[in-house]
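Below are the chains, spelled out letter by letter.
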Amino acid sequence: MNRKGVLYLFIILLFLSLSSSFAQSDSKTKRPLTEVLTVLESRFSINFTYLDQTIANKNISIPSEILSLENTLEYLRSGTNLDFIILNATSVVISKRSNPFSNFITQKLEEVTINNFLTKGISKRSDGKINIKTEDFGILPGLLEPDVLQSIQALPGVMSVDERISNINVRGGSHDQNLILWDGIKMYQSGHFFGLVSAFNPYLTKEVNVSKNGTSVKFGDGVSSVIDMQLSNNLDQEFKAGAGFNLIHADAFAKVPLDEKTEIQVSARRSVTDFIFTPTYDQYRQRVFQDSDFSNPQQGDASDVISNNERFYFYDIAAKFLYNITDQDQFRFNFLTINNKLTYDQQANEDSGIPLRNQLEQNNFATGFEYLKYWNSKLTTTAQFYYTNYDLKATNFNIANDQRINQNNNVNDLGIKINATNHIDDNLKIHGGYQFSEVIISNAEDTNNPNTEQFIKEVVRTHSIYGEAEFTSANKNTYARIGLRTNYIEKFSEFFTEPRLSVSHKLNNDFRLEFLSELKSQTTSQIIDLQNDFLGIEKRRWILSNNENIPIIKSVQAAAGIHYNKNKLLISVEAFIKNVEGITTQSQGFQNQFQFLEDIGKFQVRGIDFLINKQFEYFGTWLSYSYSKNDYVFKNLNEGNPFPNNIDVRHAVTFASAYDIDNLKFALGFNWHSGRPQTLPLELQDQANAQIDYTTPNSGRISDYFRTDLSATYQLKFADKLDASIGASIWNLFDRENIINTYHVKNTDGETITIDNLSLGITPNVSFRLRF
């Protein structure tokens, strides 16, 4: 049996054993709660108030007559998992309650310091992270739903230089330097439609925490940021469901209580792109395929090859099973599968034979289970086991050379996380834990003309221990979190120590200061071998550090900020500096004189994030500005002198407004940023040289980027538990032709030509959703 089969069998057997152990109870002396309450009302001359469904199916033994009223109610609380609230000397109200320990264990020492950071549902915490609650989410320009990874790009310092969710840049870092977690499981794929749609269903995601700096020592990897998506971990005891569609996909979700101790949460989404051709899909396909083998075959004259019959679809399915074994024991199991698949036919222009089918498929499967134990009102422990698999494979036929190429990039990540949290008192909390991960990454390629095969497999096992203290002053004005994480990498027999710090202090009711710093390392990264790999669509492949030509990536960064918040006016300024070393030329995607060179280097980014936000009763508006200077240093490139990073965007401005009254939400926004660097060819080229002669690397700039977006939604109420919403949005309202990348090639005549990759044009979308 393979590893995945063993894992499934182990999970099923564990769950069945737990279920059988804890589901049994001795009910010989138990009586319906309604009968017990009648006895107690007579005994203590009191009245109980409750809803019938609250006490339905509750059974308990009649408490001893020697118990006082307070002790009797405590006995009922522990035996029924209900709350008994004394209103006065003769009245007691019965209600459903949350876990009696969780109020202590899960309380956050970090407080919400800024509400409505941009719009409703986005807040800033005292530890520096940004929290997004999807259920409370307002509206952002161009978005119809709380798309997790699109939404965070509205934050200062977060952007995508090419409009792709699979290429999110946080304060000058590359996408592979972001640690993306789904319910504690690391994800290696983040987007559908090869980066234009978030791969995570927002209606099952409860909240998202984004940390740019000063992250908790619980998190390894992610030298640039942590994007932590969390599903609901509590039993709602209420059925909730919803379904909807837009011009790209249809989806549905449900939260279904199975009984008072168990619940299942499920969601599914599938594209409609292979059934319906919509204007939204047309814009997406133009954006994704514009510089790929489909639209620009890399084989002689592109006009000699016909590409047609393309079929593209994506889907994702997620589920979470929640089982409260007792008040002090919880079991959670979840899984997620994400899939994108593209096929199309190619044949020579004058060939009437059978066309050849090219194919690209990308998927990420993740699963895990967690056991949580509340030992008392101060101490809790959690143990999580997870497995995630990423697979990218392509088949590409080169008609001119009569050649077939198969490529595959596969990642297997197996991990264990054990954590203990202890509340020393109301102001001090201690965390400690151990983590183990085994990451196996393979890259394979084979061709049939000539017959060649290449297979590379790397394995890295990492052991980590950490400790952390969280403190908040009695008056809640000061918050501090300091921690230390040590990673031991078996393969290299090396230790890496990573201190982390997050401090904030409230000067008065209006001003707050913060300071954040951290050291981090990671052993996984993405590289581009050739620009036409994987059909030229999803070019990046995951690799592991080997401590030779692919070193471990390490970062050190610090940030300081001041925030003014009064009368719904927020002014925020943060200055930061980040140093990242251990990057390779292949990971940076050069398309100039360095494209085929291999070297190891580093980059430093320094900048400022500024935000001003004013909220009115029904209206909010904000302006953000980011300045950063991001420079490479490679020992063997550009004579060792610094030169601009490929994603060095010096200036970025966002201005947006949102209107929310009654059932109508409307948002309009503008996004502008200066152009990315480019390397220009020399005016005089050596015709005897097949390569292009370039000027100083990244000394030029492409044109500035400007985009206007709007969106609107309207809520409809049909019944008490049935409502709906309709929405419409336009991305790039004025259809501005933005260049997001420029490079240069020589054609068959030896002439240097310029290739411009364009952003999405005007892209409309409409949606309809039901919630019940």
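Worth saying up front: this structure is predicted, and the values here are computed from it rather than measured.

A description of helix α7 (residues 279-289) should follow, citing residues and the corresponding values.
Buried residues dominate α7, accounting for 8 of its 11 residues. Every buried residue of α7 is accounted for by Thr 280, Tyr 281, Gln 283, Tyr 284, Arg 285, Arg 287, Val 288 and Phe 289. Those residues of α7 hidden inside the fold are in contact with β14 (197-198), β20 (305-326), β21 (329-348), β43 (739-746), β44 (752-758) and β45 (763-771).

Explain the side chain of His 175 to me, using residue names and the numbers behind them.
Here His 175 lies in the loop between β10 (169-170) and β11 (178-182). One polar contact links the side chain of His 175 to the main-chain amide nitrogen of Ile 168, over a distance of 2.9 Å. If near-sequence neighbours (up to four positions away) are discounted, His 175 is found in contact with Ile 165, Ser 166, Asn 167, Ile 168, Asn 169, Ile 180, Ser 190 and Gln 526.

Can you explain the sheet that holds strand β4 (residues 82-86)? Please cite residues and give values.
A sheet is described by the order of its strands in space; here 3 strands give the open sequence β2-β5-β4, paired in mixed fashion. Of all the strands in the sheet, just β2 (47-49) and β4 have a single pairing partner and so form its edges. Taking the axes of each pair of neighbouring strands and ignoring which way they run, one obtains an average angle of 25 degrees across the sheet. As paired strands, β2 and strand β5 (residues 91-96) are joined by 3 bridges and run parallel to one another. Looking at β5, one finds that Thr 49 is bridged to Val 93.

Help me get a handle on the confidence of the model for the protein chain, residues and values and all.
Here the protein chain averages 89 in pLDDT, and 94% of its residues register 70 or above. A low-confidence stretch, residues 3-28 (pLDDT under 50), is modelled with 28 contacts involving residues beyond four sequence positions or located in other chains. Counting interchain partners and residues more than four positions distant, the pLDDT-below-50 stretch residues 102-107 has 17 contacts.

Please set out the pattern of salt bridges residue by residue, giving values where relevant.
For the structure on display, the rule yields 39 salt bridges. Put simply, Glu 574 and Lys 124 hold a salt bridge, and the shortest N to O gap is 3.6 Å. Of this pair, Glu 574 sits in strand β33 (residues 569-584) while Lys 124 sits in strand β7 (residues 122-125), and the two are 450 residues apart along the sequence. Under the relative-accessibility criterion, Glu 574 is labelled buried at 8%. The buried category is assigned to Lys 124, whose relative accessible area is 2%. In this structure, Arg 357 and Asp 345 form a salt bridge, with 3.0 Å as the shortest nitrogen-oxygen distance. Placement of the pair is Arg 357 in strand β22 (residues 356-374) and Asp 345 in strand β21, with a sequence separation of 12 residues. Of the residues examined, Asp 345 reaches a relative accessible area of 6% and is grouped as buried. Via salt bridges that share partners, Lys 124, Arg 171, Glu 514, Glu 574 and Asp 609 belong to a single interconnected network.

Conventions we followed
- Residues numbered from 1 in each chain as written.
- Predicted model: local features only at pLDDT ≥ 70, side-chain atom pairs only at ≥ 80, totals over all residues.
- Heavy atoms only, no water.
- Buried < 20%, exposed > 50% of the residue type's maximum accessible area, 1.4 Å probe, protein only.
- Helix = DSSP H or I, 4+ residues; strand = E, 2+ residues; numbered from the N terminus.
- Contact = heavy atoms within 4.5 Å.
- Polar contact = N/O pair within 3.5 Å; in protein donor to acceptor, adjacent residues only side chain to side chain.
- Pairing = 2+ DSSP bridges.
- Axes fitted to C-alpha atoms, helices over the stretch in contact; angles between N-to-C directions.
- pLDDT = per-residue confidence, 0-100.
- Salt bridge = Lys/Arg side-chain N within 4 Å of Asp/Glu carboxyl O.

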